[in-house]
Amino acid sequence: MEETPLSYEEAINKAAGSLTRFPLTEVQGVPLMSPIAGQWSSISAFCPDPSDLLIATYPKAGTTWTQEIVDLLLHNGDEEICKRAPTVERIPFLEIQAPPPIPSGLQLLKFMKPPRVIKTHLPIQLVPEGFWENKCKVIYVARNAKDNLVSYYHFDRMNLTQPEPGPWDGYIQKFMRGNLGWGSWYDHVKGYWKEREKRNILYLFYEDMKENPRREVERIMHYLDLSLSDDIIDKIVQLTSFKVMKDNPMANYTFIPKIVFDQSISEFMRKGEVGDWTNHFTPAQSQMFDEDYKRQMADVDIPFRTSI
Ligand code: PPS
């Protein structure tokens, strides 16, 4: 008799003893969680189907939000279908690796038929070549550095498989130096920005999504060559609002047990705002950060907004 596959939650509970705050190991100069670095050759050899879609982000830039929008667009706004499984199973995380029996992103993908939607946090130079060779569509979401940093800080407090964030002031330094999982925010946003036209990447901003979600949902819809009715678009905007997603057990990461995501420390759906950085940075920290930002971003003109 075939065994019933474990749910994600059951698999994590079974692997509890092997879960820890994994150290970072560099792959081509980019620090990644050590289990990812350990499986790097199979990750970089992953070959997508041309019909597969990649959602790429620096961690905490609006990935889950975009995943939900895309899933709903692809299912004509069908709320029930989009609750068929937690986000991680509907839209596998390409490079994620964890101790067995937790399925890796690659294992989940093996059992899904294209067209698949795939999440990655890899910087552009580490994205498996097959995505470019097969001309897959890629949606990139970027979030202003200060809010992105704040969100990542709180995530590293509650995600017990990421390195300890340490004190806030030191975390700002780590972010500025790119000493966090998936490396430098600056290199990440610039890498995709510079290639966006050549590689037909849809480059979105979290702040634009907050300011006018309908406009951005439509932008994604057109990129995917879909045409949904106005009513369905309205419904998708409503279903992907922060408030609704926060209460959606298939999107709010409550399906990840407390031994990995301790949401009593900080919720995954934490604030969902633009400008929360003002509640964290002192004026001196903000000035120091801005000066460094100017230097690191001097070669590009990406229209980031820290308020809307
Ligand atoms: S992850 O772990 O990298 O996949 O995280 P990611 O989904 O990229 O980022 C999490 C932050 O996005 C916020 N979020 C949203 N904001 C607005 N609207 C919606 N629907 C939404 N869904 C998630 C989430 O609250 C995290 O941001 P912060 O600032 O920490 O609240």
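The structure we're discussing is the one just above.
Anyway, here's the lowdown on the structure attached to this text.

## With respect to the overall build of the protein chain
Then step 1. Across its full length, the protein chain carries 15 helices and six strands.
Then step 2. In terms of C-alpha radius of gyration, the protein chain reaches 19 Å, essentially the compact-globule figure of 19 Å for 308 residues.
Then step 3. Viewed in the frame of its principal axes, the protein chain has a C-alpha envelope of about 65 × 50 × 40 Å.
Then step 4. Across the protein chain, contacts joining residues at least 24 apart in sequence account for 75% of those joining residues at least 6 apart.
Then step 5. Split by element, the accessible area of the protein chain, about 13,900 Å² in all, is 51% carbon and sulfur.

## What about the environment of M250?
Then step 1. Within the secondary structure, M250 sits in the loop between α14 (242–246) and α15 (283–296).
Then step 2. Residue classification places M250 among the partly exposed positions, given a relative accessible area of 24%.
Then step 3. Not counting residues up to four positions away in its chain, the partners in contact with M250 are K83, A85, P86, T87, R90 and F255.

## Section: the layout of surface pockets
If you roll a probe as big as a water molecule over the atoms, it shows you where there is empty space left.
Then step 1. Roughly 330 Å³ of internal volume is contained in the second largest pocket.
Then step 2. Together, 18 residues line the second largest pocket, and S51, L74, P115, R116 and V117 are the ones closest to its centre.
Then step 3. Those elements that place two or more of their residues in the lining of the second largest pocket are α4 (63–74) and α5 (87–90).
Then step 4. Broken down by class, the residue content of the lining of the second largest pocket amounts to nine nonpolar, two polar and seven charged.

## Looking at the site of the ligand
Then step 1. Near the ligand lie 22 residues; those nearest to it are T63, T64, S151, Y206 and K271.
Then step 2. Measuring from an oxygen atom of the ligand, one finds a side-chain N or O atom of R143 at 2.9 Å.
Then step 3. R270 is positioned with one of its side-chain polar atoms (N or O) 2.8 Å from an oxygen atom of the ligand.
Then step 4. Contact with the protein chains hides 98% of the accessible area of the ligand, taken as 640 Å² for the molecule alone.
Then step 5. Looking at the shell around the ligand, the elements with two or more residues in it are α4, α8 (145–158) and α14.
Then step 6. Ranked by residues supplied to the shell around the ligand, first place goes to α4 with three residues.
Then step 7. Residue classes in the shell around the ligand are distributed as nine nonpolar, eight polar and five charged.

## Thoughts on the packing of helix α9 (residues 168–177) against α15
Then step 1. Relative to each other, α9 and α15 sit at 5 degrees, their axes nearing to 11 Å. The angle between α9 and α15 falls in the class roughly parallel. Only Q285, M288, F289, D292 and Q296 of α15 make contact with α9, whose side of the interface consists of W168, D169, I172, Q173, F175 and M176.
Then step 2. Residues that form the contact of α9 with α15 fall into these classes: six nonpolar, three polar and two charged.

## Here we look at unusual backbone geometry
Then step 1. Geometrically, the link from P100 to P101 is a cis peptide bond, its omega value of 5 degrees lying close to zero.
Then step 2. In this fold, P101 is placed in the loop between α5 and α6 (105–110).
Then step 3. Residue P115 is bonded to the preceding P114 through a cis peptide linkage, with omega at 0 degrees.
Then step 4. Tracing the backbone through its elements, the reader meets P115 in the loop between α6 and β4 (117–120).
Then step 5. Within the chain, Q28 stands out as a residue other than glycine whose phi angle is a positive 45 degrees.
Then step 6. Positionally, Q28 belongs in the loop between β1 (24–27) and β2 (30–33).
Then step 7. You will see that K135, though not glycine, has its phi angle at about 50 degrees, which is positive.
Then step 8. Take K135: it is sitting in the loop between α7 (129–133) and β5 (137–142).

Cut-off values and rules
- Residues numbered from 1 in each chain as written.
- Predicted model: local features only at pLDDT ≥ 70, side-chain atom pairs only at ≥ 80, totals over all residues.
- Heavy atoms only, no water.
- Helix = DSSP H or I, 4+ residues; strand = E, 2+ residues; numbered from the N terminus.
- Rg over C-alpha atoms; globule rule 2.2 N^0.38 Å.
- Contact = heavy atoms within 4.5 Å.
- Areas by Shrake-Rupley, 256 points an atom, 1.4 Å probe, with all protein chains shown as cover.
- Buried < 20%, exposed > 50% of the residue type's maximum accessible area, 1.4 Å probe, protein only.
- 1 Å grid on protein atoms, 1.4 Å probe; cavity = no way out; pocket = protein on both sides within 12 Å on 5 of 7 lines; lining within 4 Å.
- Points joined across faces, edges and corners; volume = space filled by probe spheres on them.
- Nonpolar A, V, L, I, M, F, W, Y, C, P; charged D, E, K, R; others polar.
- Near = heavy atom within 4 Å.
- Polar contact = N/O pair within 3.5 Å; in protein donor to acceptor, adjacent residues only side chain to side chain.
- Axes fitted to C-alpha atoms, helices over the stretch in contact; angles between N-to-C directions.
- Parallel < 35°, antiparallel > 145°, perpendicular 65-115°, else oblique.

Don't take any of this as a statement about function, it's just geometry.
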